[in-house]
Amino acid sequence: MTAGPKRARPSRRERFTGGDLLGEAVRGLAGRPGRLVLTALAVMLGIGSLVVTIGFAQTGSRQVEATFDSVAATQGMISERADPLTGDKPLPLPWDAAERVARLNGVVAAGTLSEIEVDTKRISAAPVFDPEAPPVAAPAVMAVTPDTLATVEGVMAEGVFFSGFHEATAQRVAVLGRDAAATLGVVRVSDQPSVFIGDVSYTVIGIIGSVKAGHGLLGAVVVPQSTARRLLGLAAPDELRLRLEVGAGPMVAAQAGPALNPNSPNDYDIALPGPASDFRKSLTRDVNSLFVVLGLVALAIGALSIAVVTSLSVMERRGEIGLRRALGATQRSVAAQFVAETSIVGLLGGLIGAAAGVLGVVGISAAREWTPVVDLRLVAAAALVGVVTGAVAGLAPAVRAARVEPATALQEGT
Amino acid sequence: MTGVDGIEPVIALEGVSRTFAGAVKVFALRDVSMRVAPGDYVSITGPSGSGKSTLLNVLGLLDRPTIGIYRLAGVDTGPLGDTARARLRAAELGFVFQGFHLMAKRTVFENVLLGMAYAPVPKAERQERVAAVLEQVSMTHRAAFFPATLSGGERQRVAVARALAKGPAVLLADEPTGNLDAQTSGEVLDLFGELNAAGQTVLVVTHDPLIAGRAARRMAMTDGRLEER
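The residue count restarts for each chain, going from 1 along the sequence in the order it is written. Chain labels run from A onward and ligand labels from 1 onward, assigned in the order the entries are written. The predicted nature of this model means local features are confined to residues of pLDDT at least 70 and side-chain atom pairs, given and counted, to a pLDDT of 80 or more, with totals for whole chains, interfaces and linings taken over all residues. Hydrogens and water molecules were not included; the side-chain quantities draw on all heavy atoms of the structure.

This part covers the confidence of the model for chain A. Per residue, pLDDT captures the predictor's confidence, and it can take any value from 0 to 100. Overall, the prediction assigns chain A a mean pLDDT of 83, with 85% of residues at 70 or greater. In the model, residues 1-8 of chain A has pLDDT below 50 throughout and makes 21 contacts with residues more than four positions away in sequence or in other chains. Contact criterion: two residues are considered in contact whenever any of their non-hydrogen atoms come within 4.5 Å of each other.

Our focus in this paragraph is the sheet that holds strand S10 (residues 225-228) of chain B. Whether parallel or antiparallel, the strands of a sheet pair through hydrogen bonds between backbone atoms. Residue and element names in this part refer to chain B. Paired strands, in this sense, are two strands between which DSSP finds at least two bridges. Numbering of helices and strands starts at the N terminus; helices are DSSP runs of H or I of at least 4 residues and strands are runs of E of at least 2. The strand order across the open sheet formed by six strands is S6-S7-S8-S3-S9-S10, and the pairing between neighbours is mixed. Each of the sheet's edge strands pairs with one partner strand only, and the pair in question is strand S6 (93-96) and S10. If you compare each strand with its neighbour and ignore which way they point, the axes differ by 20° on average. Orientation is described by axes fitted as lines to C-alpha atoms, over the contacting stretch for helices, and by angles from 0 to 180 degrees between their N-to-C directions. Packing against the sheet, helix H5 (residues 152-164) makes contact with S6 and strand S7 (170-174), and its axis sits at approximately 170° to S6.

Our focus in this paragraph is the interface of chain B and chain A. On the side of chain A, 39 residues touch chain B, which itself brings 44 residues to the contact. Together chain B and chain A conceal approximately 3400 Å² of surface at their shared face, both sides included; 53% is due to carbon and sulfur atoms. Summed over the three residues of chain B that lose the most area to chain A, namely B:His101, B:Tyr118 and B:Lys123, the buried surface amounts to 22% of that side. The salt bridge definition used is simple: a Lys or Arg side-chain nitrogen within 4 Å of an Asp or Glu carboxyl oxygen. Along the contact surface separating chain B from chain A lie three salt bridges. Between B:Lys123 and A:Asp20 there is a salt bridge, with its nearest N and O atoms 2.6 Å apart. Polar contacts, as used here, are pairs of N or O atoms within 3.5 Å; protein pairs need one atom able to donate a hydrogen and one able to accept it. Residues neighboring in sequence count only if both atoms are side-chain atoms. Here chain B is connected to chain A by seven residue pairs in polar contact (both at pLDDT 80 or more). Mapped onto the side of chain B that touches chain A, the elements with two or more residues apiece are helix H1 (52-59), helix H2 (82-92), helix H3 (108-114), helix H4 (123-136) and H5 of chain B. For this scheme, ten residues count as nonpolar: Ala, Val, Leu, Ile, Met, Phe, Trp, Tyr, Cys and Pro. Four count as charged, namely Asp, Glu, Lys and Arg, and the remainder, Gly too, count as polar. Counted by class, the side of chain B that touches chain A contains 22 nonpolar, ten polar and twelve charged residues. Accessible area that two parts lose when put together, with a 1.4 Å probe and added across both, is what the buried area reports.

Residues and elements named next belong to chain B. Sheet topology note: the strand S3 (residues 41-45)/strand S9 (residues 217-222) ladder contains four bridges and is parallel. Bridge pairing links Ser43 to Arg218 in S9. Alignment of S9 against S10, held across four bridges, turns out to be antiparallel. Among the inter-strand pairings, Thr222 is bridged to a residue of S10, identified as Arg225.

All names here are of chain B. The strand order S2-S1-S4-S5 describes an open sheet built from four strands, whose pairing is antiparallel. At either margin of the open sheet sits one strand with a lone partner, and together these are strand S2 (26-36) and strand S5 (75-76). Inspection of the sheet shows strand S1 (residues 11-20) paired to S2 by seven bridges, in the antiparallel sense. Across the sheet, the residue bridging to Ala12 is Arg35, located in S2.

In this section: a nonpolar patch on the surface. All names here are of chain A. Together, Leu347, Leu348, Leu351 and Ile352 line one region of the surface with nonpolar side chains, adding up to about 300 Å² of accessible area. Within the secondary structure, Leu351 is located in helix H11 (residues 331-368). Judged by relative accessible area, which is 42%, Leu351 ranks as partly exposed. Patch definition: residues above 30% relative accessible area lacking any salt bridge, with like charges linked at up to 9 Å and the nonpolar side chains Val, Leu, Ile, Met, Phe, Trp and Tyr linked at up to 5 Å. We get accessible surface area from the Shrake-Rupley algorithm with a probe of 1.4 Å; when it comes to residues, only the shown protein chains can shield them. Throughout, exposure labels follow a simple rule: accessible area from a 1.4 Å probe, protein chains only, divided by the maximum for the residue type, with under 20% read as buried, over 50% as exposed, and the rest as partly exposed.

Turning to the pattern of salt bridges, a few remarks are in order. In total, this model carries 22 salt bridges over all chains according to the counting rule given. Between B:Asp40 and B:Arg217 there is a salt bridge whose closest N-O contact spans 2.5 Å. One end of the pair, B:Asp40, is in the loop between S2 and S3; the other, B:Arg217, is in strand S9, and 177 residues separate them in sequence. The partner of B:Arg217 in a salt bridge is B:Glu228, with the nearest N and O atoms 2.8 Å apart. Of the two residues, B:Arg217 is situated in strand S9 and B:Glu228 in strand S10; the sequence distance between them amounts to eleven residues. Of the residues examined, B:Arg217 reaches a relative accessible area of 18% and is grouped as buried. With relative accessibility at 45%, the residue B:Glu228 sits in the partly exposed group. A single salt-bridge network, built from bridges that share partners, covers A:Glu24, A:Arg317, A:Glu320, A:Arg324, A:Glu341 and B:Arg106.

What follows covers unusual backbone geometry. All names here are of chain B. The phi dihedral of Leu61 is positive, around 60°, even though this residue is not glycine. Positionally, Leu61 belongs in the loop between H1 and strand S4 (67-72). Judged by its relative accessible area of 3%, Leu61 is buried. Not every positive phi belongs to a glycine, and Asp223 is a case in point at roughly 50°. Looking at the secondary structure, you find Asp223 in the loop between S9 and S10.

Once that is clear, we can look at the nonpolar core. Judged by nonpolar contacts, the single largest core of 73 residues is most densely connected at B:Ile11, B:Ile44, B:Leu55, B:Leu72 and B:Leu203. A per-element tally of this core places H11(A) first, with eight residues. Each residue touching B:Leu55, except ones within four places of it in the same chain, is listed here: B:Leu13, B:Leu29, B:Val32, B:Ile44, B:Met221 and B:Leu226. Residue types Ala, Val, Leu, Ile, Met, Phe, Trp, Tyr and Cys, when buried and joined through side-chain atoms within 4.5 Å, form a set referred to as a nonpolar core. With 35 residues, the next largest nonpolar core counts B:Leu150, B:Ala161, B:Leu180 and B:Ile211 among its residues.

Attention now moves to the environment of A:Ser49. Residue and element names in this part refer to chain A. Within the element layout of this structure, Ser49 appears in helix H2 (residues 33-69). Sequence separation of Ser49 and Leu299 is 250 residues, and the distance between their C-alpha atoms is 8.9 Å. Each residue touching Ser49, except ones within four places of it in the same chain, is listed here: Gly295 and Ala298. Reaching out from Ser49, the side chain makes a polar contact with the backbone oxygen of Leu45 at a distance of 2.9 Å.

Geometry of aromatic contacts follows a simple scheme: Phe, Tyr and Trp rings, the Trp one being its six-membered ring, pair when their centres are within 6.5 Å, and the pair is stacked under 30 degrees between planes, edge-to-face over 60, tilted otherwise. Enumeration over the complete set of coordinates arrives at three aromatic pairs over all chains. Seen from their ring centres, A:Phe16 and B:Tyr118 are 4.3 Å apart, and the 35° between their planes marks the pair as tilted. With one member in each of two chains, A:Phe16 in the segment before helix H1 (18-30) and B:Tyr118 in the loop between H3 and H4 form a pair that bridges those chains. Each member of the pair, A:Phe16 together with B:Tyr118, is buried. Ring geometry for A:Phe161 versus A:Phe162: centroids 5.0 Å apart, planes at 45°, classification tilted.

What follows concerns H11(A). The end-to-end C-alpha separation of H11(A) is 54 Å, in line with the 56 Å expected for 38 residues at 1.5 Å each. Positive phi shows up at A:Glu369, right after H11(A), with a value of about 60°. What a helix is expected to span follows from its residue count: subtract one and scale by 1.5 Å.

Below is the structure:
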């Protein structure tokens with residue numbers, strides 16, 4: 001055979017391409033399947049625990065959102081502040097507190113809620129005095145503004161709630177809480193039953209079926225605030241209930257004081273939910289940080305084991321490295337082959353780890369009867385993290401491989 | 001560059017020296033000049049420490065001369081960077097080692113194919129070439145075998161096939177029979193003779209005068225100096 005024609009720069013069909021490199025890398029790995037499994041397993045553990053952690057956090061936060069956001073993160077209350085020394089309440093809420101605060105951005109609904117002290121023995125559905133009747137726990141009396149029902153997300157079981165008309169004209173009407181209605185023996189409002197508070201009768205126009213906050217309403221005879229002011233001696237609203245948009249708490253808290261009383265904005269007890277994200281994070285953060293750290297540690301151990309095992313391989317494969325150099329491989333392509341090998345290990349570990357992690361999330365969710373939520377991008381990211389881990393772990397051994405002196409390596413024998 | 005007789009030499013060394021720095025400066029090669037023409041069969045002998053390994057490394061582009069010019073297949077290798085040297089090595093040099101260096105997990109066919117992995121040989125032609133060189137070294141019947149199942153002589157023939165597959169300008173053999181017994185050594189040397197008769201340039205480095213005797217041109221190395229006999 002004689003020398004073929006010389007080519008300064010071989011064409012793609014002749015060159016050692018990336019595809020060839022991958023092929024050689026796969027063959028290099030396949031030659032030592034035990035090591036491949038071992039190192040991929042180490043990466044798998046790291047990636048798997050990260051995927052479980054993050055997937056679990058996603059599932060958990062979705063669950064937390066579903067459970068808490070609608071009530072705890074949106075309900076708030078403002079009340080008068082008692083003087084710490086005297087116990088006096090020097091600054092009552094204004095009568096129109098609900099209207100003032102309802103104008104603020106982020107407030108969905110606002111209504112007052114006041115408990116009225118009356119002689120509870122004098123509350124009845126009919127003015128019948130029966131001395132034989134055993135005393136029963138009589139319902140409380142509460143005064144509210146028309147938007148209070150919407151504020152506590154209440155639902156009427158019968159009839160209607162107060163309107164602006166009832167409030168503006170201080171009508172003698174009442175709405176019964178579900179439990180109060182049962183106590184008083186009122187089941188329907190179509191026949192316009194009355195309740196007596198003292199000697200004054202009030203027409204029952206509705207029965208509240210359920211509320212999500214202000215549960216005291218269910219056991220009360222509820223009258224319009226203006227009516228209570230006129231007939232029952234209400235001096236000022238007790239508390240102002242607010243329903244907010246999620247995350248509006250801090251903003252509304254800052255603005256509610258001035259809206260209520262520009263002259264003395266700091267004299268109210270304002271209890272509103274914190275930022276929504278805080279709420280969610282606080283529940284998942286503790287779990288997260290611990291497991292993320294564990295996952296990263298496992299991943300680091302995986303990377304380290306790849307590096308160690310591959311360094312070992314480089315020592316064993318000096319003959320092969322020397323041969324490849326003699327066959328015309330550049331230092332770079334020798335290094336690239338080892339990085340490709342460790343990247344494939346990382347990819348395998350990442351893929352298996354992601355699969356195991358997703359299974360873990362599904363398993364945990366099934367056990368807790370939660371809906372598993374795993375972002376598919378997480379799986380892709382896990383595979384990518386695996387590849388990067390493998391590549392980084394392979395850098396040091398690859399440099400060692402590239403530095404192998406071919407002449408010496410070839411004289412060592414097979 | 002053309003030689004004295006007008007033919008461009010495959011290998012041309014002019015005033016090549018290679019020294020190794022250290023406490024005492026070691027002169028591995030001292031002012032070596034040589035020409036190998038296409039179709040030559042050259043042997044280089046010398047005791048260990050004479051510098052023949054260094055010479056082989058320089059010829060194989062695995063080491064660089066400290067001073068002097070080395071032309072391989074007409075290319076001055078002095079100014080070439082590592083990548084260009086690797087490419088030239090891939091295109092023009094076929095190595096045969098004492099230790100065979102076959103890959104245990106690959107078949108005979110795949111081992112020979114690997115010889116062209118980095119060489120400028122069109123991929124479409126490679127399979128055919130493997131078949132052709134296996135025929136040439138009479139190893140076609142062992143193509144699907146793994147090296148561990150072959151005898152030493154067979155392994156070396158596979159290694160020769162691997163070196164030949166890309167059609168190198170020169171076959172560089174380093175103690176090619178060092179791991180073989182007398183009879184199989186003879187077979188491998190017969191093979192070299194046949195290849196040379198077919199036009200292949202062969203350069204064998206050995207300490208064994210019997211092997212050197214097969215070559216048409218015999219050179220000897222002593223203390224870093226090369227002389228033709």
